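The chain contents come next:
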Amino acid sequence: MRTPAARWTASLALTATALLAAGCGAEGDDAAADGELTVVAGFYPLEWAAARVGGNRIAVTSLTPSGAEAHDLELTPRDVGAVGSADLLVYLEGFQPALDEAAAEAGDAAWDAGQAADLVEGEHAHGDEEHADEEDGHGDEAVDPHFWLDPTRLAAVGDALAERLTELDPDGAATYEGNAAALRADLEALDAEMQEGLAGCAVDTLVTSHEAFGYLAERYGLDVVGISGLSPSQEPSAAGLAEITGLVRDRGITTVYTETLVDPAVAETVAEEAGVRTAVLDPIEGLTDESAGEDYLQVMRANLATLQEGQGCS
Ligand SMILES: [Zn+2]
């Protein structure tokens, strides 16, 4: 599938990276010429964190178009070229299969955010393990990729990214370190608000459209049941749906959560069957015009307000 030209571009980029790291300057690398590193991110939270940490020393773009579902990313030939010529690809192993291949090709120019996020298997926060076992399309070793919904894990990724950018651009060390510290401060403030806001909820179980909120639930002492699996394309069976509907009734759940980027039909069916309402809880896999905020922090605060109302938190 890869063209010789793409491979050539990738090897040029690696050479440029090696030269930069050695402090020799990189002639022929456009980004280096105007002093910016080019960073390509897999999807929105990685793009946002990279932009915060890199500041004006990097030019960052996201491979997932605005409004597209991030799990199902497909790379155009242009995307492949962008990955091949970037100084750094920031991606998440196992989250976007199309990008795992490109990352393998990019070699040392690819940086897996999951390494710093301390990922765990998908069943970590489940009240009812049978739901995950039933619908788990990735086998029993499936790792939950959705680390950014725990702000403290995103802060850890920001710190690690500062170190990786410093390897590529040692002159920026102080900038990257300072930016990562500022990012960490913002994320820790958010975390404190969420700890406080979700401390006393009448209902502890979240029923969400897909299995995206395991890390959030784990962090804030909630259980989560995803109607679909770790990927929105892992749709539930009729028996699975009936079981979740029963669970909604049994646990006194008042709200079933839909998402901005996934068809709400299945979640709406569960809510209707169980006689409860729906609200949008955003897994922040991408922003759209309908997002409840303009960046990660704003959408997380909107999520907090949604959860406080939907879970009856005092
Ligand atoms: Zn997801």
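Further up the page is the structure itself.
Residues numbered from 1 in each chain as written. Predicted model: local features only at pLDDT ≥ 70, side-chain atom pairs only at ≥ 80, totals over all residues. Heavy atoms only, no water.

Participant: I keep staring at the coordination of the zinc ion and nothing clicks. Help me out?
Facilitator: By definition of the ideal shapes, a tetrahedral metal site with four donors has angles of 109.5 degrees and an octahedral site with six donors has angles of 90 or 180 degrees. On the protein side, the zinc ion has His-71 (NE2), His-146 (NE2), His-210 (NE2) and Glu-285 (OE) as donor atoms, found 1.9 to 2.0 Å from it. Around the zinc ion, the four donor atoms sit at angles spanning 102 to 113°, and that spread fits a shape best called tetrahedral. If you list the donors of the zinc ion from N- to C-terminus, the spacing comes out as H-x74-H-x63-H-x74-E. Separated by 139 residues along the polypeptide, His-146 in the loop between α7 (129-135) and α8 (151-168) and Glu-285 in the loop between β8 (277-280) and α13 (296-310) bring together distant segments of the chain. This pair shows no difference in class: His-146 is buried, exactly as Glu-285 is. (Donors = N, O, S within 2.8 Å, 3.2 Å for Na, K, Ca; no water. Tetrahedral: all angles 85-135°; square planar, octahedral: opposite > 155°, others 65-115°. Helix = DSSP H or I, 4+ residues; strand = E, 2+ residues; numbered from the N terminus. Buried < 20%, exposed > 50% of the residue type's maximum accessible area, 1.4 Å probe, protein only.)

Participant: How should I be thinking about the nonpolar core in this particular structure?
Facilitator: Among soluble globular proteins, nonpolar side chains are generally buried collectively. Formed by 58 residues in total, the largest nonpolar core has its most connected members in Phe-147, Trp-148, Leu-165, Leu-198, Leu-216 and Tyr-296. For this core, the secondary-structure elements that each account for two or more residues are β1 (37-41), α3 (44-54), β3 (88-91), α8, α9 (173-197), α10 (214-219) and α13. At seven residues, the largest contribution of residues to this core is made by α8. What Tyr-296 contacts, discounting residues up to four positions off in sequence, is Tyr-44, Trp-48, Trp-148, Pro-151, Leu-154, Leu-187, Leu-190 and Ile-284. (Core = buried A, V, L, I, M, F, W, Y, C linked by side-chain atoms within 4.5 Å. Contact = heavy atoms within 4.5 Å.)

Participant: Would you explain the packing of aromatic side chains in this entry?
Facilitator: Remark: the centre distance and the inter-plane angle together describe each pair of aromatic rings, the angle taken between the planes. Taken as a whole and assessed by the stated rule, the structure comprises five aromatic pairs. An angle of 45° between the planes, with centres 4.4 Å apart, marks the rings of Phe-43 and Phe-95 as tilted. Placement of Phe-43 in the loop between β1 and α3 and of Phe-95 in the loop between β3 and α5 (97-106) is noted, with a sequence separation of 52 residues between them. Taken individually, Phe-43 and Phe-95 each receive the classification buried, so the pair is uniform in this respect. Ring centres of Phe-95 and Trp-148 lie 5.4 Å apart, and the angle between their planes is 70°; this geometry places the pair in the edge-to-face category. Taken as a pair, Phe-95 in the loop between β3 and α5 and Trp-148 in the loop between α7 and α8 lie far apart in primary sequence, 53 residues in all. The class of Trp-148 is buried, set by a relative accessible area of 0%. (Phe/Tyr/Trp six-rings, centres within 6.5 Å; stacked < 30°, edge-to-face > 60°.)

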